[in-house]
Amino acid sequence: MTFIGHDARGAELARTVLERLRTSERLRAHVAALVRNHLRLGSSSTSPSPARRTVYAYLHGCDPVEVDVTLLSVADRLATRGDNAQRAIDAHLAVARGMLRMPALACRGPPQPLVRGDELAADLGIAPGPRVGELLDELAEAQYAGEIATREQALIYARTRSASS
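These numbers were taken from a predicted model, which means no experiment stands behind them.

### Focus on the environment of His 30
As for its placement among the helices and strands, His 30 is situated in helix H2 (residues 25-37). The class for His 30 is partly exposed, based on a relative accessible area of 29%. Apart from the residues within four sequence positions on either side, His 30 is in contact with Val 65 and Asp 68.

### Section: the nonpolar core
Nonpolar side chains tend to gather and get buried jointly when the protein is soluble and globular. Among the nonpolar cores identified, the biggest contains 17 residues, and Leu 41, Tyr 58 and Val 69 are the most heavily contacted of them. Of all the elements in the fold, those that place two or more residues in this core are H2, helix H4 (52-62), helix H5 (66-78) and helix H6 (85-101). Non-local contacts of Leu 41, meaning those with residues more than four positions away in its chain, are made with Tyr 58, Thr 70, Ser 73, His 92, Val 95, Ala 96 and Met 99. Judged by nonpolar contacts, the second largest core, of 12 residues, contains Leu 139, Ala 142, Ile 148 and Leu 155.

### Digging into the pattern of salt bridges
Under the definition given, this model contains 13 salt bridges. We note a salt bridge from Glu 25 to Arg 15, for which the minimum N-O separation is 3.1 Å. Residue Glu 25 is located in helix H2, and its partner Arg 15 is located in helix H1 (residues 6-20); the two are separated by 10 residues in the primary sequence. For Arg 15, a relative accessible area of 28% gives the class partly exposed. For Arg 28, the salt bridge goes to Glu 25, with nearest N and O atoms at 3.7 Å. Of this pair, Arg 28 and Glu 25 both sit in helix H2, separated by three residues, roughly a single helical turn. Look at Arg 28 and you get buried, because its relative accessible area is 15%. Looking at Glu 25, the relative accessible area reads 42%, which means it is partly exposed. Ionic contacts of the salt-bridge type, sharing partners, join the residues Arg 116, Asp 118, Glu 119 and Arg 151 into one network.

Cut-off values and rules
Residues numbered from 1 in each chain as written. Predicted model: local features only at pLDDT ≥ 70, side-chain atom pairs only at ≥ 80, totals over all residues. Heavy atoms only, no water. Helix = DSSP H or I, 4+ residues; strand = E, 2+ residues; numbered from the N terminus. Buried < 20%, exposed > 50% of the residue type's maximum accessible area, 1.4 Å probe, protein only. Contact = heavy atoms within 4.5 Å. Core = buried A, V, L, I, M, F, W, Y, C linked by side-chain atoms within 4.5 Å. Salt bridge = Lys/Arg side-chain N within 4 Å of Asp/Glu carboxyl O.

None of this, on its own, says anything about what the molecule does.
Here's what the structure looks like:
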């Protein structure tokens, strides 16, 4: 049995209920983010040792509740029933353990950017705008994955990405 969209609908419902209870906006946002992202781990990887880019995408997508939502997803998966439930639970636990072992953005914060947006725009000869933001996001992911580590590597990477799009 499935309920497509229950993550988004549940986040709205949680926010509404918490608003009625007059909780803080901080708590509403936190609980809504947990509910909205509780399925993300199950769809992000099937490997107990996920690739660093997969980890980055998961952590970045769940920010700022990445650790909490990982634990919530485990609790949600432990409620699984049916013929193949234990196999699904075991697989999910392995992925969650692998994810929690990775350097989390929540624990260390995102790495310092190797290049600023205005520098990137000037180097590429493009106007500041959404494309610069997209390239900065790609650079952050590549930096987290260990593919680039210096300002020059970041600029070369961005030039290559910019030329291919």
